Amino acid sequence: MTAKEAYEIIKKEHSGMMVIECLEFPDFYAFGLIEKGKEDESFGGGYYTVNKIGGELNAFSPTQDLEAFFAAKPWLVSLL
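Report follows, based on the coordinates. It should be emphasised that the depicted structure is a prediction, and the values quoted were computed from it without experimental measurement.

**Topic: the sheet that holds strand β3 (residues 47-51)**
Taken in spatial order, the 5 strands of this open sheet run β4-β3-β2-β1-β5, and their pairing is antiparallel. Whereas interior strands pair on both sides, the edge strands pair on one side only; in this sheet they are β4 (57-60) and β5 (73-75). Within the sheet, the average angular offset between the axes of one strand and its neighbour, ignoring direction, is 35°. Where strand β2 (residues 28-35) meets β3, 4 bridges bridge the pair, whose relative direction is antiparallel. Counted as the bridge partner of Y29 is V50 from β3. Against the sheet, helix α1 (residues 3-13) engages β1 (17-24), β2, β3, β4 and β5, with an angle of about 40° to β2.

**With respect to α1**
Those residues of α1 that fall on the buried side of the exposure criterion are A3, A6, Y7 and I10. Seen along its axis, α1 keeps its buried residues to an arc of 105°; they face one direction. Against β1, β2, β3, β4 and β5 lie the buried residues of α1.

**A closer look at the pairing of β3**
The pairing of β3 with β4 spans 4 bridges and is antiparallel. Directly across from Y47, in β4, lies its bridge partner F60. In textbook terms, the turn of a hairpin is the stretch between consecutive antiparallel strands, and for β3 and β4 this stretch comprises 5 residues, one of which, G55, has a positive phi near 80°.

Criteria and thresholds
Residues numbered from 1 in each chain as written. Predicted model: local features only at pLDDT ≥ 70, side-chain atom pairs only at ≥ 80, totals over all residues. Heavy atoms only, no water. Pairing = 2+ DSSP bridges. Helix = DSSP H or I, 4+ residues; strand = E, 2+ residues; numbered from the N terminus. Axes fitted to C-alpha atoms, helices over the stretch in contact; angles between N-to-C directions. Contact = heavy atoms within 4.5 Å. Buried < 20%, exposed > 50% of the residue type's maximum accessible area, 1.4 Å probe, protein only. Arc of directions from axis to C-beta.

Right under this line is the structure:
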């Protein structure tokens, strides 16, 4: 699955939210979301994820694996 395909799944599943960040991990893509209309508020906490193989949705908190979090590849949301 590509980052673009995962992005489309997240947008469909969380239509009231805006994607502000995308990170690529070996097995999944992680997306930082914020409520539409609240773009000026800060973002923090967990990420919504899409598994690269089956497209399953899940969640990821950076504290689960800080090493993997810092090694994740960032994607420019504007390019998705």
